[in-house]
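Chain and residue survey
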Amino acid sequence: MKQIRTRFAPSPTGYLHVGGLRTALYNFLFAKKNNGKFVLRIEDTDRSRYVEGAVENLIETLKWCNLTYDEGPDVGGPFGPYIQSLRLEIYRKYAHELVQKGHAYYCFCTTERLEKLRQKQIEQRLPQVKYDKYCLRLSEEEIEEKLEQKEPYVIRLNVPENNVIRFNDVIRETVEFDSNNIDDQILLKSDGYPTYHLANVVDDHLMQISHVIRGEEWLSSTPKHVLLYEYFGWEKPVFAHLPLLLNPDRSKLSKRQGDVAVEDYRAKGYLKEALINFVALLGWNPGNDREFFYLDDLINLFSLDRVNKSGAVFDLKKLQWLNGEHIRKKSVEELLPFLKDELKKSKYASLNLCDDYLKLIIESMHERIEFVHEILTKGYYFFQRPEEYESQSIQKHWKKETPEHLRLLISEFENLDEPHKHDYELALNSIAEKLQISKSKLIHPLRLSLSGMSAGPGIFDLLYILGKEEIKIRVEAAIEKISTMQINIT
RNA sequence: GGCGCCUUCGUCUAGUGGUCAAGGACGCCGCCCUCUCAAGGCGGAGAUCACGGGUUCGAAUCCCGUAGGCGCUACCA
């Protein structure tokens with residue numbers, strides 16, 4: 001059987017779009033699943049859209065996602081170069097071959113004439129706006145002369161009239177187009193660069209791509225590609241046009257309505273595992289109820305015939321949930337570098353806390369967060385003393401006798417020698433018993449004193465992490481501050 | 001405007017002629033667990049399967065039409 005080869009062929013416009021990530025992922029998964037090769041090819045045939053550093057950024061992001069390719073600009077391969085601007089001679093050669101065969105032709109029309117033509121056709125309410133094949137009627141002598149005089153030209157595809165172009169798509173089955181609706185596409189621009197259509201087909205053939213898996217926006221130009229394969233006498237790849245990713249209002253996913261760059265999500269604290277997992281499920285499912293996957297699981301399970309036809313809204317809420325799921329699956333050890341990283345970026349950068357302390361914090365916050373950076377907000381009291389105390393919680397839990405109880409409690413803690421969680425618990429139990437009150441009468445104001453909040457990890461974890469000394473300082477500070485707050489304490 | 005693609009709970013989806021007055025997940029609500037918040041467990045609300053016609057004993061599933069959405073319609077990709 002023929003080797004499976006797929007490719008991800010982005011144009012370097014500055015960053016990797018999440019839609020591009022999904023496309024790259026499906027290409028990667030399909031190749032890996034079938035013991036094939038996955039190729040990265042840069043489609044930089046539009047000089048006006050060149051963005052400095054975009055290729056490096058793309059490669060960096062793909063690597064971050066673990067979507068490793070077998071061949072590509074930086075890793076090489078047998079069909080290089082993998083950057084289209086380095087292959088200009090190849091496209092030129094094939095464009096001219098098509099001219100020779102009569103399937104393409106020189107066109108010397110100026111943009112002015114083209115614009116006028118378009119206007120006229122629109123005014124006439126013609127069903128389709130397209131080139132009138134004017135230059136196809138040029139005689140050989142005329143062409144020779146214009147060429148000699150160095151008149152700028154493009155090469156256009158000679159689309160046949162009254163033809164039905166039919167092709168098969170794995171996802172959409174048979175798709176048909178009337179050739180009369182297809183424009184004589186420019187293949188080679190006047191600056192000598194190819195358009196997408198030519199470069200794409202030539203490279204896919206030369207690089208022996210077996211499956212073209214790309215976004216649905218390409219479906220309507222596929223008949224042009226089909227024509228090119230036929231004119232060159234090349235075997236067509238299998239086509240699979242993926243459903244689009246959508247904004248909440250169901251328009252095509254765009255920058256205006258939120259983040260679209262993978263690096264944005266990365267910067268916001270999304271794990272690559274969550275992003276991959278989420279994006280994989282946008283348009284594909286394994287056929288059962290499972291929703292949690294790592295990349296390797298996806299390789300095993302993926303198949304093109306379980307890809308949907310309709311566009312999918314990019315739902316942040318679900319992504320967030322998945323991020324939480326992936327965080328929960330990670331060990332404290334794995335999460336440590338993430339926390340350190342967040343700390344480095346924060347106002348706590350100069351704190352210099354030891355790993356053991358940080359690991360205890362992670363352990364206690366592990367199931368309470370969807371982002372690692374939430375440890376710094378929801379658990380800010382691990383990094384600084386509370387300056388304020390939730391007034392609702394004061395109202396509810398801070399009684400007249402609370403200061404006295406807390407003082408008793410910390411003096412009991414004083415007696416403990418290198419206490420562990422359990423020791424704090426025993427100490428608290430015994431004080432509660434001595435005072436003839438429920439444990440929660442102590443726990444709630446204690447938590448408030450230590451963290452300023454009413455929510456958080458188990459109280460004994462909190463005590464243990466903070467330690468005797470710090471507990472004492474915080475409790476005393478809380479008693480001081482809260483009693484001067486003049487809130488109605490009952 | 002033309003051409004193409006699409007259409008099941010708010011969202012992602014299962015479903016390929018009878019087991020579907022439609023199952024799961026996110027989100028939302030409630031209960032349990034519990035020192036709080038989470039996590040977890042249990043339960044609830046939520047889709048007359050875009051609409052209208054057919055075919056069939058029987059349709060979310062097949063056919064036709066309509067509507068809506070989206071994409072393409074560049075010397076952009």
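Residues numbered from 1 in each chain as written. Chains lettered and ligands numbered in written order. Predicted model: local features only at pLDDT ≥ 70, side-chain atom pairs only at ≥ 80, totals over all residues. Heavy atoms only, no water.

1. So, the environment of His397
Inspection of the secondary structure puts His397 in helix α15 (residues 391-397). Along the sequence, His397 and Leu448 sit 51 residues apart, while their C-alpha atoms lie 8.7 Å from each other. With residues near it in sequence (within four places) discarded, His397 still touches Thr402, His444 and Pro445. (Helix = DSSP H or I, 4+ residues; strand = E, 2+ residues; numbered from the N terminus. Contact = heavy atoms within 4.5 Å.)

2. A short note on the layout of surface pockets
Roughly 1100 Å³ of internal volume is contained in the largest pocket. Mapped onto the lining of the largest pocket, the elements with two or more residues apiece are β1 (5-8), α1 (18-33) and β8 (211-215). Ranked by residues supplied to the lining of the largest pocket, first place goes to α1 with five residues. A breakdown of the residues in the lining of the largest pocket according to their chemical character gives 16 nonpolar, ten polar and eleven charged. (1 Å grid on protein atoms, 1.4 Å probe; cavity = no way out; pocket = protein on both sides within 12 Å on 5 of 7 lines; lining within 4 Å. Points joined across faces, edges and corners; volume = space filled by probe spheres on them. Nonpolar A, V, L, I, M, F, W, Y, C, P; charged D, E, K, R; others polar.)

3. Digging into helix α2 (residues 54-64)
Listing the buried residues of α2 in full gives Ala54, Val55, Leu58, Ile59, Thr61, Leu62 and Trp64. In the core, the buried residues of α2 are packed alongside β1, α1, β2 (37-40), α8 (262-267) and α9 (272-280). (Buried < 20%, exposed > 50% of the residue type's maximum accessible area, 1.4 Å probe, protein only.)

4. So, the nonpolar core
One finds Leu67, Ile375 and Phe382 to be the most contacted residues of the largest nonpolar core, which totals 106 residues. Contact partners of Leu67, with chain neighbours within four places excluded, come to Leu21, Ala24, Leu25, Phe28, Phe38, Leu62, Ile276 and Leu295. Residues Val39, Val159, Phe167 and Leu198 belong to the second largest nonpolar core, which totals 46 residues. (Core = buried A, V, L, I, M, F, W, Y, C linked by side-chain atoms within 4.5 Å.)

5. Comments concerning the pairing of β8
With five of five residues buried, β8 lies mostly within the body of the structure. When β8 meets strand β9 (residues 238-242), the two strands line up parallel, connected through five bridges. When the bridges of β9 are listed, Val212 appears paired with Phe239. Traced from β8 through helix α7 (residues 222-232) to β9, the parallel crossover comes out right-handed. (Pairing = 2+ DSSP bridges. Right-handed = clockwise from strand over helix to strand, strands pointing away.)

6. Side note on the sheet that holds strand β4 (residues 154-157)
Read across the sheet, three strands follow the order β3-β4-β7 without closing on themselves; strand pairing throughout is antiparallel. Each end of this open sheet is capped by a strand with a single partner; those strands are β3 (104-107) and β7 (186-188). Here the strands of the sheet are splayed against their neighbours by 45° on average, with no regard to which way each runs. (Axes fitted to C-alpha atoms, helices over the stretch in contact; angles between N-to-C directions.)

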